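What follows is the residue order along each chain.
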Amino acid sequence: MHNRYSRIMPSHTAILSLCLLLTGCASAPSENTADPAEESAQFIENARISYLGPEGTYTEEAAQFFFESGSFQPKASVPEAIADVRNGDADYAVIPQENTLGGAVTNYIDALISEEEIFVAGEVILPINQTLMGLPGASIEEIRVVCSHAQGLAQSEAWRKEHMPDAAAREMASTAAAASYVSESGDKTIAAVAAPGAAKLYGLAVLAENVQITSANKTRFYVLAGSELKRTGLTNAVFTASCEANRIDDIITAIHNAGAELVTIHDRPEGSQLGMYNYIIEIQDPKGISDKLITSLEDFPELHYLGRFNVKIKENAKQP
């Protein structure tokens, strides 16, 4: 039942999260208010950062916004970016986690859940302004195929149905890969939905801006590291859990009783039997996640601690 309907209706944990939000027990992540010098000191200078490539993806934008400088290494997949950290070929990896419109990026969550020695060291919340782009001289009326990452297609679906209902959708490995494909195709009937910067990078013309319908569209990215951050004032923490569905209620109650708030929770099939799930759980305490809180939650044998961190939020540029 869960797998069959998970794409068309909220999961039991999503409904529970909504109930917590409506009753005041949960809130959106607050922006990092720590001293910038102290914050940057927690990260390796001139770091090597692997991210979901190619160049021109939103993940690259998130990585550059978070680190500002360093060596940025595009990778063909999220598992490859994570493997770089595990193997010592990168200091950090940046991966997408959740989108306002498309929901959880489940295959990337699965990749994180499968890791035992990777920690979440930061989070970026990035506004997503999807752009329709094609070859110079192309027009929306002649587009027959629209390419993008699965998230880009989901986020632009309503706009495409209204403005180009006959155009077929084609899933690509990333939004930038879609832009690159259109550029190399030489076919004016093919367009891509991608980040605005991809148009210039791949020599494409912007056919329409903000095709995601709502300006509230944002994506949450995790910054991963091989070790956890250890200092006071970190406001968010992440755990994974592997348990039966009825056990998650006790865990959420313990989070609330410890004084923290639930930010997000996603469930994935555990794979061994019906009713067993892997969960990724993010919590927040604006006063700082304490050692005592972490210890109290580690009393649950199902929980695995993935680190604590601050959230960095990029705002949409103000219109003139």
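One structure accompanies this document, and this report is about it.

Calculation criteria
Residues numbered from 1 in each chain as written. Predicted model: local features only at pLDDT ≥ 70, side-chain atom pairs only at ≥ 80, totals over all residues. Heavy atoms only, no water. Helix = DSSP H or I, 4+ residues; strand = E, 2+ residues; numbered from the N terminus. Buried < 20%, exposed > 50% of the residue type's maximum accessible area, 1.4 Å probe, protein only. Pairing = 2+ DSSP bridges. Axes fitted to C-alpha atoms, helices over the stretch in contact; angles between N-to-C directions. Contact = heavy atoms within 4.5 Å. Core = buried A, V, L, I, M, F, W, Y, C linked by side-chain atoms within 4.5 Å. Arc of directions from axis to C-beta. Phe/Tyr/Trp six-rings, centres within 6.5 Å; stacked < 30°, edge-to-face > 60°. 1 Å grid on protein atoms, 1.4 Å probe; cavity = no way out; pocket = protein on both sides within 12 Å on 5 of 7 lines; lining within 4 Å. Points joined across faces, edges and corners; volume = space filled by probe spheres on them. Nonpolar A, V, L, I, M, F, W, Y, C, P; charged D, E, K, R; others polar.

Omega for the peptide link from Gly-53 to Pro-54 comes to 5°, which places this bond in the cis form. Looking at the element boundaries, Pro-54 is found in the loop between β1 (48-52) and α4 (58-67). In this model, Asn-46 sits at a positive phi of 55°, which is unusual for a non-glycine residue. Of the residues examined, Asn-46 reaches a relative accessible area of 60% and is grouped as exposed. One non-glycine residue, Asn-210, adopts positive backbone phi at about 50°. The residue Asn-210 is located in the loop between β10 (205-208) and β11 (218-225) in this model. Residue classification places Asn-210 among the partly exposed positions, given a relative accessible area of 41%.

Moving on: the sheet that holds strand β9 (residues 190-194). What the 5 strands build is an open sheet, ordered β8-β7-β9-β6-β10; its pairing is mixed. Two strands in the sheet have a free side with no partner beyond their single neighbour: β8 (168-171) and β10. Between one strand axis and the next, the sheet turns through 35° on average, direction left out of account. Sheet topology places strand β7 (residues 145-148) next to β8; 4 bridges connect them, and they run parallel. Across the sheet, residue Val-145 finds its bridge partner in β8, namely Ala-168. Of the strands in this sheet, β6 (131-134), β7, β8, β9 and β10 are in contact with helix α7 (residues 150-163), which crosses β7 at around 140°. Of the strands in this sheet, β6, β7, β8 and β9 touch helix α8 (residues 175-185), which is tilted by about 155° from β9.

Our next topic: the nonpolar core. If you look at the biggest cluster of nonpolar residues, it comprises 25 residues, and the most contacted ones within it are Leu-112, Val-120, Tyr-222 and Leu-224. Elements with a minimum of two residues in this core: α5 (78-87), β3 (92-99), α6 (106-113), β5 (119-127), β11, β15 (303-309) and β16 (311-313). The element that contributes the greatest number of residues to this core is α6, accounting for 5 residues. Excluding its chain neighbours within four sequence positions, the residues that come into contact with Leu-224 are Ile-82, Val-85, Asp-91, Tyr-92, Ala-93, Ile-95, Leu-112, Ile-118, Phe-119 and Val-120. One finds Cys-243, Ile-252, Ala-260 and Ile-289 within the second-largest nonpolar core, a separate group that totals 23 residues.

The next point concerns helix α10 (residues 248-257). All of the buried residues in α10 are Ile-248, Ile-251, Ile-252, Ala-254 and Ile-255. What you see down the axis of α10 is that its buried residues fit within an arc of 155°, all on one side. Following α10 by one or two positions, Gly-259 adopts a phi angle in the positive range, close to 95°.

Relative to the helices and strands, Glu-60 resides in helix α4. If we ignore the near neighbours within four places in the chain, the residues touching Glu-60 are Tyr-51 and Glu-55.

To continue, consider the packing of aromatic side chains. Throughout the structure, instances matching the rule amount to 8 aromatic pairs. Judged by centre distance (5.0 Å) and plane angle (35°), the ring pair of Phe-67 and Tyr-92 falls under tilted. Separated by 25 residues along the polypeptide, Phe-67 in helix α4 and Tyr-92 in strand β3 bring together distant segments of the chain. Accessibility assignment for this pair places Phe-67 and Tyr-92 in one class, buried. Seen from their ring centres, Phe-239 and Tyr-305 are 5.6 Å apart, and the 50° between their planes marks the pair as tilted.

Let us now look at the environment of Leu-207. The topology assignment puts Leu-207 in strand β10. Taking the C-alpha atoms as reference points, Leu-207 and Ala-192, 15 residues apart in sequence, are found 9.7 Å from one another. Ignoring sequence-local partners within four residues, the contact set of Leu-207 consists of Leu-132, Met-133, Gly-134, Ala-138, Ile-140, Ile-143 and Ala-191.

Turning next to empty space enclosed by the protein. The probe, sized like a water molecule, is rolled over the atoms to show the empty space still left. The full count for this structure, using the stated rule, is 2 cavities of 30 Å³ or more. The computed volume of the largest cavity comes to approximately 210 Å³. Residue lining of the largest cavity: 18 residues in total, with Tyr-58, Thr-59, Pro-96, His-149 and Gln-151 positioned closest to the centre. A total of 3 residues in the lining of the largest cavity trace back to one element, the largest contributor, which is α7. A breakdown of the residues in the lining of the largest cavity according to their chemical character gives 7 nonpolar, 11 polar and no charged.

Fair warning: the whole summary comes from geometry, so function is off the table for now.
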